[in-house]
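Commentary on secondary and tertiary structure
What follows is each chain in one-letter form.
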Amino acid sequence: MEPSKGWDLPGRILMGPGPSNVSPRVLRAMSMPLVGHLDPSFIQLMEEVKDLLRYVFRTRNEVTIPVSGTGSAGMETCLVNLVEPGDPVLVCVNGLFGQRMCDIVTRVGGELGRLDAEWGSIVDPAQVRKALDRGKVKVVAIVHAETSTGVLQPLEEIGKTVREHGQLLIVDAVTSLGGHPVETDGWRIDACYSGTQKCLSCPPGLSPVTFSDRAMETVRNRRSPVQSWYLDMGLLFKYWGEERAYHHTAPISANYALREALRLIREEGLEARYARHELNQTALVAGLEAMGLELLVAEGYRLWSLTTVKIPEQVSDAAVRGRLLTEYGIEIGGGLGPLKGRVWRIGLMGESSTRNNVMLLLLALDEILRQQGMNVEPGAGTRAAGDVYARHGARDSAA
Ligand SMILES: *Cc1c(COP(=O)(O)O)cnc(C)c1O
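Reference entry: report on the structure contained in this document. Remember, predicted model here, so these are calculated numbers, not experimental data.

1. Focus on the overall build of the chain
- Scanning the chain from N- to C-terminus turns up 13 helices and 14 strands.
- Relative to its length of 399 residues, the chain is compact, with a C-alpha radius of gyration of 22 Å against a globular reference of 21 Å.
- Considering the chain as a whole, with its 399 residues, one finds that 57% of them fall into the buried category.
- In the chain, 73% of the contacts between residues at least 6 apart in sequence involve partners at least 24 apart.

2. Here we look at the environment of Glu 351
- Inspection of the secondary structure puts Glu 351 in the loop between strand E14 (343-347) and helix H12 (355-371).
- On a C-alpha basis, the gap between Glu 351 and Arg 263 in space is 13 Å, while along the polypeptide they are 88 residues apart.

3. Topic: the packing of helix H3 (residues 71-82) against helix H4 (residues 96-108)
- Interhelical geometry of H3 versus H4 gives an angle of 45° and a closest axis separation of 10 Å. One element, H3, and the other, H4, form an angle in the oblique class. Considering the relative orientation of H3 and H4, their crossing is right-handed. On H4, the residues touching Ser 72, Met 75, Glu 76, Leu 79 and Val 80 of H3 are Phe 97, Arg 100, Met 101, Ile 104, Val 105 and Val 108.
- Classifying every residue of the contact of H3 with H4 gives 8 nonpolar, 1 polar and 2 charged.

4. Remarks on the site of the ligand
- As a matter of local geometry, the ligand sits amid Thr 70, Gly 71, Ser 72, Phe 97, Arg 100, Ala 145, Thr 147, Asp 172, Val 174, Thr 175, Gln 197 and Lys 198.
- A distance of 2.9 Å is found between an oxygen atom of the ligand and a backbone nitrogen or oxygen belonging to Gly 71.
- A distance of 2.6 Å separates an oxygen atom of the ligand from a polar side-chain atom of Ser 72.
- Contact with the protein chains hides 89% of the accessible area of the ligand, taken as 380 Å² for the molecule alone.
- Within the residue set of the shell around the ligand, elements represented by two or more residues are H3 and H4.
- Of the residues assigned to the shell around the ligand, the class counts are 3 nonpolar, 6 polar and 3 charged.

5. Considering the side chain of His 144
- Among the secondary structure elements, His 144 is positioned in the loop between strand E5 (139-143) and strand E6 (145-146).
- The exposure class assigned to His 144 is buried, which follows from its relative accessible area of 2%.
- Among all residues touching His 144, those that are not within four sequence positions of it are Val 151, Leu 152, Gln 153, Leu 155, Val 171, Asp 172, Ala 173, Ser 176, Pro 181, Val 182 and Trp 187.

6. Considering the sheet that holds strand E2 (residues 63-68)
- The 7 strands lie next to each other as E2-E10-E9-E8-E5-E3-E4, forming an open sheet whose pairing is mixed. Pairing within the sheet leaves two strands with one partner each, and these edge strands are E2 and strand E4 (111-116). On average, each strand axis in the sheet is inclined to that of its neighbour by 20°, with strand direction left out of account.
- In this structure, E2 lies alongside strand E10 (residues 206-211), joined through 6 bridges in antiparallel fashion.

7. Details of the pairing of strand E11 (residues 306-310)
- With respect to burial, E11 is a largely interior element, 4 of its 5 residues being buried.
- Across 5 bridges, E11 lies against E14 in antiparallel orientation. By the bridge assignment, Thr 307 is partnered in E14 with Ile 346.

8. Looking at the packing of helix H11 (residues 317-328) against H12
- For the pair H11 and H12, the least separation of the axes is 10 Å and the interaxial angle reads 125°. The angle between H11 and H12 falls in the class oblique. Seen along the crossing, H11 lies across H12 with a hand that is right-handed. Here Val 320, Arg 323, Leu 324, Glu 327 and Tyr 328 of H11 come into contact with H12, specifically with Leu 360, Leu 361, Ala 364, Leu 365, Glu 367, Ile 368, Leu 369 and Gln 371.
- Among the residues forming the contact of H11 with H12, the class breakdown is 9 nonpolar, 1 polar and 3 charged.

9. Focus on the nonpolar core
- Of all hydrophobic cores here, the largest spans 87 residues; its most connected members are Leu 82, Ile 170, Phe 211 and Leu 262.
- Counting contributing residues per domain, this core is built from domain 1 (24-267) and domain 2 (269-392), each supplying no fewer than three.
- With residues up to four places along the chain from it excluded, the contact list for Ile 170 reads Cys 78, Leu 79, Leu 82, Val 139, Val 140, Ala 141, Ile 142, Ala 191 and Tyr 193.
- By size, the runner-up hydrophobic cluster in this structure holds 31 residues, among which are Leu 284, Val 285, Val 309 and Val 358.

10. Observations concerning the sheet that holds E11
- The sheet built from 3 strands is open, its strands ordered E11-E14-E13 with antiparallel pairing. The strands lining the two open edges of the sheet, one partner per strand, are E11 and strand E13 (333-334).
- Looking at chain direction, E13 and E14 are connected through 2 bridges and run antiparallel. In the strand pairing of E14, Gly 334 is matched with Trp 344.

11. Some points on empty space enclosed by the protein
- Applying the stated criterion to the full structure yields 1 cavity of 30 Å³ or more.
- Along the walls of the largest cavity sit Gly 150, Leu 295, Val 297, Arg 302, Leu 303, Leu 306, Thr 307 and Thr 308, which together make up its complete lining.
- Class assignment for the residues of the lining of the largest cavity results in 4 nonpolar, 3 polar and 1 charged.

Calculation notes
Residues numbered from 1 in each chain as written. Predicted model: local features only at pLDDT ≥ 70, side-chain atom pairs only at ≥ 80, totals over all residues. Heavy atoms only, no water. Helix = DSSP H or I, 4+ residues; strand = E, 2+ residues; numbered from the N terminus. Rg over C-alpha atoms; globule rule 2.2 N^0.38 Å. Buried < 20%, exposed > 50% of the residue type's maximum accessible area, 1.4 Å probe, protein only. Contact = heavy atoms within 4.5 Å. Axes fitted to C-alpha atoms, helices over the stretch in contact; angles between N-to-C directions. Parallel < 35°, antiparallel > 145°, perpendicular 65-115°, else oblique. Left-handed = near helix turned anticlockwise from the far one by under 90°. Nonpolar A, V, L, I, M, F, W, Y, C, P; charged D, E, K, R; others polar. Near = heavy atom within 4 Å. Polar contact = N/O pair within 3.5 Å; in protein donor to acceptor, adjacent residues only side chain to side chain. Areas by Shrake-Rupley, 256 points an atom, 1.4 Å probe, with all protein chains shown as cover. Pairing = 2+ DSSP bridges. Core = buried A, V, L, I, M, F, W, Y, C linked by side-chain atoms within 4.5 Å. Domains from an automatic or database assignment. 1 Å grid on protein atoms, 1.4 Å probe; cavity = no way out; pocket = protein on both sides within 12 Å on 5 of 7 lines; lining within 4 Å. Points joined across faces, edges and corners; volume = space filled by probe spheres on them.

Okay, structure coming up:
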């Protein structure tokens, strides 16, 4: 095969479960010249990244750093540091990422207890309390934004319950951080991780992680060394903290990108950013429902960053996604596990959460679904979404 030349990848509108589109400012930041990983200028940048991460995580935790690796590396970092062989762990499972946490707990040698809920529903905080009243548990792990189903998990009450029982709470905020409020301190989360390529709108490759003082104390008081040398938070923080001791070479350019993506969030402001994610999802949902499509998740528990739509009976999953990609350059996601072939997953994350993207997707679906034989009233989707924006605009100008 001849090697291809030059810039041969197409521009895409990324409206799947991640990655999301990235600002040109972030792409430009990645092309800055390399400096050494202990260069004073890089150390300055590391301090800025930690500060900005504390801003998005809404925390005062000193140990707040980007782990080198994707979101799954953050998941593994939290579990491998806080779980020792034989430790009882309760994992809440209502989708693929809860299952992945179970897999890691087992590999780490933890004693796994599962609290399962249906895919598409939340985990009931009362059930969590019951499970904790019943048995001895050291760590509780739960997903805030389940990207496989589109469910937003309420955490405040669970955080309170876990703290009352004296346990540690690990939260997966990969698809919520930067798009939904994540109150690390306010909800008493002990370890929280995310990924760069979802609502932070940065290329994949880093996993922001924050550990509370209680979590760090647990790490320091371990009976056995952390099973992973690479993800040992004690060692990682010797590099990211005061000591600046070499551990592994930080991915320099990825950190340039992350700082720029976080600066963009700071400039927009978290509250404004949440409001933008909410508005665009509200418009998308209005449009989809006006076209006669049904959502998987009940109102009140839907993510702003990811919407799961049931695929109508007569429509071909692959044909619709294929045409969106080839004719409109739009990527959306298919279903996973038990939802494979049953839902589409539409992401509105970070830079991808725009009015233009919502309107274009609804227009494209209108055309494609009608050609697939679905009975859609022409223009109903974009009209309903347009009404949402118009009402919002009227409210804003009245305020
Ligand atoms: C994407 C995702 C992950 C895994 O992140 P990777 O970057 O793919 O390793 C973990 N949890 C949730 C909820 C996710 O959406």
